[in-house]
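# Breakdown of the fold
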Amino acid sequence: MKPDLFQAPDYYLLDELLTDEQKMVRDAAREWVKREVSPIIEDYAQKAEFPNQIIKGLADIGAFGPYIPEEYGGAGLDQISYGLIMQEIERGDSGVRSTASVQSSLVMYPIYKYGNEEQRKKYLPKLASGEFMGCFGLTEPDYGSNPGGMITNFKDKGDHCLLNGAKMWISNAPFADIAVVWAKNEEGRIYGLIVERGMEGFTTPETHNKWSLRASATGELIFDNVKVPKENLLPNKSGLGAPLGCLDSARFGIAWGAIGAAMDCYDTALRYAKERMQFDKPIAATQLQQKKLAEMITEITKAQLLAWRLGVLRNEGKATSAQISMAKRNNVDMALNIAREARQILGGMGITGEYSIMRHMMNLESVITYEGTHDIHLLITGMDITGHAAFK
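What you are looking at is a predicted structure, and each value in this text was computed from that prediction instead of being measured.

In the structure shown here, the tally under the stated rule is 21 salt bridges. Of the charged contacts in the structure, one is a salt bridge between arginine 26 and aspartate 27, with a shortest N-O distance of 3.0 Å. Under the relative-accessibility criterion, arginine 26 is labelled buried at 7%. As a salt-bridge pair, aspartate 156 and lysine 230 come within 3.0 Å of each other at their nearest N and O atoms. One end of the pair, aspartate 156, is in strand β2 (residues 153-156); the other, lysine 230, is in the loop between β7 (218-229) and α6 (241-275), with 74 residues separating them in the sequence. Classification of lysine 230 by relative accessible area gives partly exposed; the value is 28%. What emerges from the salt-bridge pattern is a single network uniting Asp4, Arg91 and Asp264.

With that out of the way, let us pick up helix α7 (residues 287-315). A turn of α-helix holds 3.6 residues, and therefore any two residues three or four places apart point the same way. Under the 1.5 Å per step criterion, the end-to-end length of α7 is 42 Å for 29 residues, consistent within 8% with the ideal 42 Å. Downstream of α7 by a residue or two, glycine 317 has a phi angle that is positive, lying close to 70°.

Inspection of the secondary structure puts valine 102 in helix α4 (residues 94-114). On the basis of relative accessible area, valine 102 is assigned to the buried category, the value being 5%. Taking the C-alpha atoms as reference, valine 102 lies 23 Å from aspartate 43; in sequence the two are 59 residues apart. What valine 102 contacts, discounting residues up to four positions off in sequence, is Val107, Gly134, Cys135, Phe136, Ser171 and Asn172.

Okay, the packing of α6 against helix α9 (residues 357-367) next. At a minimum axis distance of 10 Å, the contact between α6 and α9 shows a crossing angle of 155°. With respect to their mutual orientation, α6 and α9 come out roughly antiparallel. Two packed elements cross with a definite hand, and for α6 against α9 that hand is left-handed. Contacts between α6 and α9 involve Ile254, Ala261, Asp264, Cys265 and Thr268 from the first element and Ile357, His360, Leu364 and Val367 from the second. Broken down by class, the residue content of the contact of α6 with α9 amounts to 6 nonpolar, 2 polar and 1 charged.

What follows concerns the environment of lysine 230. As for lysine 230 and isoleucine 338, which are separated by 108 residues in sequence, their C-alpha atoms are 48 Å apart. Contacts of lysine 230, omitting those with residues within four sequence positions, involve Asp156, Gly158, Asp159, His160 and Cys161.

This brings us to the nonpolar core. Generally speaking, soluble globular proteins have nonpolar side chains that are buried together. Counting residues in each nonpolar core, the largest one holds 99 residues, and the members touching the most others are Ile89, Ile111 and Trp182. The dominant element in this core, judged by the number of residues it contributes, is α6, at 18 residues. Residues contacting isoleucine 111, with those up to four places away along its chain left out, are Gln119, Arg120, Tyr123, Leu124, Leu127, Ile178, Val180, Ile194 and Leu234. Ranked by size, the runner-up nonpolar core spans 18 residues in total, among them Cys161, Ala179, Phe202 and Leu221.

Time to look at unusual backbone geometry. For phenylalanine 279, which is not glycine, the phi torsion reads 55° and is therefore positive. Position of phenylalanine 279 relative to the elements: it lies in the loop between β8 (277-278) and β9 (281-282). Positive phi is not limited to glycine here, since aspartate 280 has a value of about 70°.

What counts as what
Residues numbered from 1 in each chain as written. Predicted model: local features only at pLDDT ≥ 70, side-chain atom pairs only at ≥ 80, totals over all residues. Heavy atoms only, no water. Salt bridge = Lys/Arg side-chain N within 4 Å of Asp/Glu carboxyl O. Buried < 20%, exposed > 50% of the residue type's maximum accessible area, 1.4 Å probe, protein only. Helix = DSSP H or I, 4+ residues; strand = E, 2+ residues; numbered from the N terminus. Expected span 1.5 Å × (residues − 1). Contact = heavy atoms within 4.5 Å. Axes fitted to C-alpha atoms, helices over the stretch in contact; angles between N-to-C directions. Parallel < 35°, antiparallel > 145°, perpendicular 65-115°, else oblique. Left-handed = near helix turned anticlockwise from the far one by under 90°. Nonpolar A, V, L, I, M, F, W, Y, C, P; charged D, E, K, R; others polar. Core = buried A, V, L, I, M, F, W, Y, C linked by side-chain atoms within 4.5 Å.

The structure is reproduced here in structure tokens:
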């Protein structure tokens, strides 16, 4: 078991832009990842298992609903603190960050924003503590980038709703206690419903044979005449804008998280290049390797500045969906390119589980696709600057 020697790059002294609380939150998450995630994550990725024993630790560092008010069990932190926690967790593994992102932005956020007081008090404290784990049901087999076309539906049956349909590519599904599911009513309007494990007709088969996010549990949500109590309907927002608002929060977290994966690949490659000798000198002394490393730190620094400014805008309530899309797209693409370049610096060693780079690279192939594909986010920016939608 190799020690975690990670040292975070901060080429433009961005720490000076952070508050003492933000740095404290980040450092606590960083130390927890070094202690609890790094030593085990390669084994769990090889086994394609999620390490359930880390759930309590994730809760303890505030990774579940960090911006949810304390009265509901959250940490009551700001948006930059949320981003920094996601950065540190994804430095460990994108799959672990996915679990935290889903719990925070796709389960707790909609219950807090769109639910009533009874729903908040019933679910949020248990989700914040990790006693309950949740998942988010939006994507369907035939409706990925076009979620508005969903066919999952529910009918009003008086004291309950009758839910039918299926969702796929759902993180946390195999072990989730609750699912926030988006479905159309009989008029075709989209609503969120809280579906609880144990409801008859609700099953969550696991998705196997993944080459990416192997340490994350992925599955389907199947609804076969599931009776959902009326009180489980989220009352305060409907329409496609409701789930998209959750995705804004999650994409913001991804924009930060991807920086963590990039930093880990860069740090690994830099350390290796200084130690690896060829032709009687370290490969770090060669022009081509310096070019790779210099470009890596440049791109990481740009992404850090982009995420920090977006965090400021989120704290001020000014960030737009299009701005969040730009950051998600840029930062994940940046991280994937850095992973590929870092792998080349390590040569053949880069494909082994002795180093984290290949795992990050495979994980990022999912991150660049989920919660808005690379191309769709480009079209969101295009629509924002031209006023014309080009999705079809």
